[in-house]
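# Structural characterization, general
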Amino acid sequence: MLLNILVGLIVIGITVVIQGYGTIFWVSKYDKDRSRINSDTFKKEGSRLLISTTIFLLFIHLIQAALWALTYMLLPGITEFETFEKSMYFSLVTFTTLGYGEITIASANRILAGLEAINGIILIGWSTAFMFAIFQELIRKSVKNKHTSED
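Residues numbered from 1 in each chain as written. Predicted model: local features only at pLDDT ≥ 70, side-chain atom pairs only at ≥ 80, totals over all residues. Heavy atoms only, no water.

### Focus on the overall build of the chain
To be explicit about the condition: Strands here mean DSSP runs of E at least two residues long; helices mean DSSP runs of H or I at least four residues long; both are numbered from the N terminus. Relative accessibility thresholds used throughout: buried, under 20% of the residue-type maximum; exposed, over 50%; partly exposed, between the two (1.4 Å probe, protein chains only). Contacts are assigned to residue pairs that have any heavy atoms within 4.5 Å of one another. Per-residue and other accessible areas were derived by the Shrake-Rupley procedure at a 1.4 Å probe size, with only the shown protein chains allowed to occlude residues.
When you go through the chain residue by residue, the secondary structure sums to four helices and zero strands. Starting at the N terminus and ending at the C terminus, the chain contains elements arranged as α-α-α-α. The burial tally for the chain puts 39% of its 151 residues in the buried class. Once local pairs closer than 6 in sequence are excluded, the contacts in the chain between residues at least 24 apart make up 71%. In the structure as shown, the chain presents an accessible area of about 9,000 Å², 70% of it carried by carbon and sulfur atoms.

And the structure:
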């Protein structure tokens, strides 16, 4: 059990680093793009930014789930996954806390699935907060531009 907790904490640490660097990267990209957004281009550029941010965050979460799937494949005590596809499916279902339950891992290693679920909740929540912050900034900029153009 302690080995599983240690492995889980290491994977959690790596996924948090991925999320952190991904967020920093996207903020720097957003800083470059937001100068193009004004009241005339708000709908088009704002929508493009929200869609591209969503796709970027989904990509990050796929990488994080793949890291968990790889962990399941590489740990010697876990034999339930014959293919990476099965491991990835289990990981995505666990990471998102969907938990269908048709694929499970042996009780000795189940603590990893619980740790992955906690990790997924935290990181998806982080992404949700990040998306909301970008949306708030777009709305604030739109309202500011409308007030400026009316004066």
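### Considerations on the confidence of the model for the chain
Defined as follows: Per-residue confidence from the prediction method is given by pLDDT, with values spanning 0 to 100.
Of the residues in the chain, 88% reach a pLDDT of 70 or more, and the chain-wide mean stands at 89. Element-level mean pLDDT values for the chain span from 87 in helix H4 (residues 110–150) up to 96 in helix H3 (residues 84–95).

### Points about the nonpolar core
Let me state the cut-off plainly: The nonpolar core is taken to be a set of buried Ala, Val, Leu, Ile, Met, Phe, Trp, Tyr and Cys residues, with the residues joined through side-chain atoms within 4.5 Å.
Trp68, Tyr72, Ile78, Phe81, Phe90, Ile105 and Leu112 are the most contacted members of the largest nonpolar core, which totals 16 residues. Listed by contribution, the elements that provide at least two residues to this core are helix H1 (2–33), helix H2 (42–74), H3 and H4. Beyond its immediate chain neighbours, meaning those up to four positions away, Ile105 contacts Tyr72, Ile78, Glu80, Phe81, Phe90, Arg110 and Ala113. Core analysis: the second largest hydrophobic core is formed by eleven residues, Tyr30, Leu49, Ile60 and Phe130 among them.

### Quick look at the pattern of salt bridges
Formally: What makes a salt bridge here is a side-chain nitrogen of Lys or Arg within 4 Å of a carboxyl oxygen of Asp or Glu, nothing more.
One pass over the full model with this rule turns up three salt bridges. Note that Glu82 is salt-bridged to Lys86, the shortest N-O span being 2.8 Å. On the basis of relative accessibility, which here comes to 57%, the residue Glu82 falls in the exposed class.

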